[in-house]
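Structure assessment
Spelled out, the chains give:
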Amino acid sequence: MKRLVGPVVLTAVLGLTAGCSSPSAYCQLVEDDQKALDSFGEQRTTEAFTADAKRFRQLADLAPASVADDWTRLAEVTERVLAVHEKSDLTLEDAQDPAVLAETDSDDLDRVNKAYEKFNATSKERAAVVKNVSDECDIDLK
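Only a predicted model underlies this, so the values are computations on that prediction, with no experimental measurement involved.

The next subject is the nonpolar core. Formed by 34 residues in total, the largest nonpolar core has its most connected members in Tyr 26, Val 30, Phe 56, Leu 59, Trp 71 and Val 133. In terms of residue count, helix H4 (residues 65-87) provides more of this core than any other element does, nine residues in total. Sequence-distant contacts of Tyr 26, defined by excluding residues within four places in its chain, comprise Leu 59, Leu 62, Ala 63, Pro 64, Val 67, Trp 71, Asn 132, Val 133, Glu 136 and Cys 137.

In this model H4 runs 33 Å from its N-terminal to its C-terminal C-alpha over 23 residues, within 8% of the 33 Å that 1.5 Å per residue would give. Every buried residue of H4 is accounted for by Val 67, Ala 68, Asp 70, Trp 71, Leu 74, Ala 75, Val 77, Thr 78, Val 81, Leu 82, Val 84 and His 85. In this fold, the buried residues of H4 make contact with helix H1 (25-32), helix H2 (34-38), helix H3 (46-62), helix H6 (106-120) and helix H7 (123-137). Two residues or fewer after H4 comes Asp 89, characterised by a positive phi angle close to 55°.

Taken as a whole, this structure holds four aromatic pairs when the rule is applied. A ring pair is formed by Phe 49 and Phe 119, whose centres lie 5.5 Å apart and whose planes are at 25°; its orientation type is stacked. A residue pair is termed long-range when its members are at least 10 positions apart, and Phe 49 in helix H3 and Phe 119 in helix H6 qualify at 70 residues. Joined through ring pairs, the aromatic side chains of Phe 40, Phe 49, Phe 56, Trp 71 and Phe 119 make up one cluster. Across the ring face of Phe 119, the terminal group of Arg 126 is positioned such that the distance to the ring centre comes to 5.1 Å.

Now for the side chain of Asp 70. Tracing the chain through its elements places Asp 70 in helix H4. Lys 124 is the oppositely charged side chain nearest to the buried, salt-bridge-free Asp 70, at an N-O distance of 5.4 Å.

The subject of this paragraph is a positive patch on the surface. Taken together, the side chains of Arg 80, Lys 87, Lys 114 and Lys 118 make up a positively charged region of the molecular surface. Those elements that provide at least two residues to the positive patch are H4 and H6. Secondary-structure assignment places Arg 80 in helix H4. Using a relative accessible area of 44% as the deciding quantity, one classes Arg 80 as partly exposed.

A separate point is the packing of H3 against H4. Two numbers describe how H3 lies on H4: the axes approach to 8 Å, and their chain directions differ by 155°. In this view, H3 runs roughly antiparallel relative to H4, as classed from their interaxial angle. The handedness of the crossing between H3 and H4 comes out as left-handed. From H3, Thr 46, Phe 49, Thr 50, Asp 52, Ala 53, Phe 56, Arg 57, Leu 59 and Ala 60 reach across to H4, where they touch Ala 68, Trp 71, Thr 72, Leu 74, Ala 75, Glu 76, Thr 78, Glu 79, Val 81 and Leu 82.

A separate point is the environment of Arg 57. Within the element layout of this structure, Arg 57 appears in helix H3. Put simply, Arg 57 and Asp 69 are 12 residues apart on the chain and 10.0 Å apart in space, counted from C-alpha to C-alpha. Setting aside chain neighbours within four positions, we find Arg 57 in contact with Thr 72, Ala 75, Glu 76 and Glu 79.

Take the side chain of Thr 78 next. Checked against the element boundaries, Thr 78 lands in helix H4. Residue classification places Thr 78 among the buried positions, given a relative accessible area of 0%. Polar side-chain contacts of Thr 78 include one of 2.7 Å to the backbone oxygen of Leu 74. Excluding residues that lie within four positions of it along the chain, Thr 78 makes contacts with Phe 40, Phe 49, Asp 52, Ala 53, Phe 56 and Phe 119.

Reading guide: rules and limits
Residues numbered from 1 in each chain as written. Predicted model: local features only at pLDDT ≥ 70, side-chain atom pairs only at ≥ 80, totals over all residues. Heavy atoms only, no water. Core = buried A, V, L, I, M, F, W, Y, C linked by side-chain atoms within 4.5 Å. Buried < 20%, exposed > 50% of the residue type's maximum accessible area, 1.4 Å probe, protein only. Helix = DSSP H or I, 4+ residues; strand = E, 2+ residues; numbered from the N terminus. Contact = heavy atoms within 4.5 Å. Expected span 1.5 Å × (residues − 1). Phe/Tyr/Trp six-rings, centres within 6.5 Å; stacked < 30°, edge-to-face > 60°. Lys NZ or Arg CZ within 6 Å of the ring centre and 35° of its normal. Lys, Arg positive; Asp, Glu negative; His and termini not counted. Salt bridge = Lys/Arg side-chain N within 4 Å of Asp/Glu carboxyl O. Patch = residues over 30% accessible without salt bridge, like charges linked within 9 Å, V, L, I, M, F, W, Y side chains within 5 Å. Areas by Shrake-Rupley, 256 points an atom, 1.4 Å probe, with all protein chains shown as cover. Charge placed at Lys NZ, Arg CZ, Asp CG, Glu CD. Axes fitted to C-alpha atoms, helices over the stretch in contact; angles between N-to-C directions. Parallel < 35°, antiparallel > 145°, perpendicular 65-115°, else oblique. Left-handed = near helix turned anticlockwise from the far one by under 90°. Polar contact = N/O pair within 3.5 Å; in protein donor to acceptor, adjacent residues only side chain to side chain.

See the structure below:
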């Protein structure tokens, strides 16, 4: 049986500080999605990853040009994890069950693992969005 590589959790505790009285649409979306961004990666479910990918796309559309590509990259790798799970008929929920993994084709597991490796290799993008949200919105991601 192969071991499935899991996603690195983006641990982000969003603390709002006193800021501008009328935040941009970008900053407002970050603020509105505070709980979801804070718990990103904790729920390894198809529903949660789908919502995360959609959220990242929305943030990319609203983000300053300097960080839009970073949000887009986060959306892409999250969508890729979803796509390979769907193609392999292995839900994110099932991927946590050793019995299901033992029955899963090794080629499918390899594709899923590669998607997670790309997902996990986004520390540069994650750092960039954390810094940008702090600078742009006075919202600290930790």
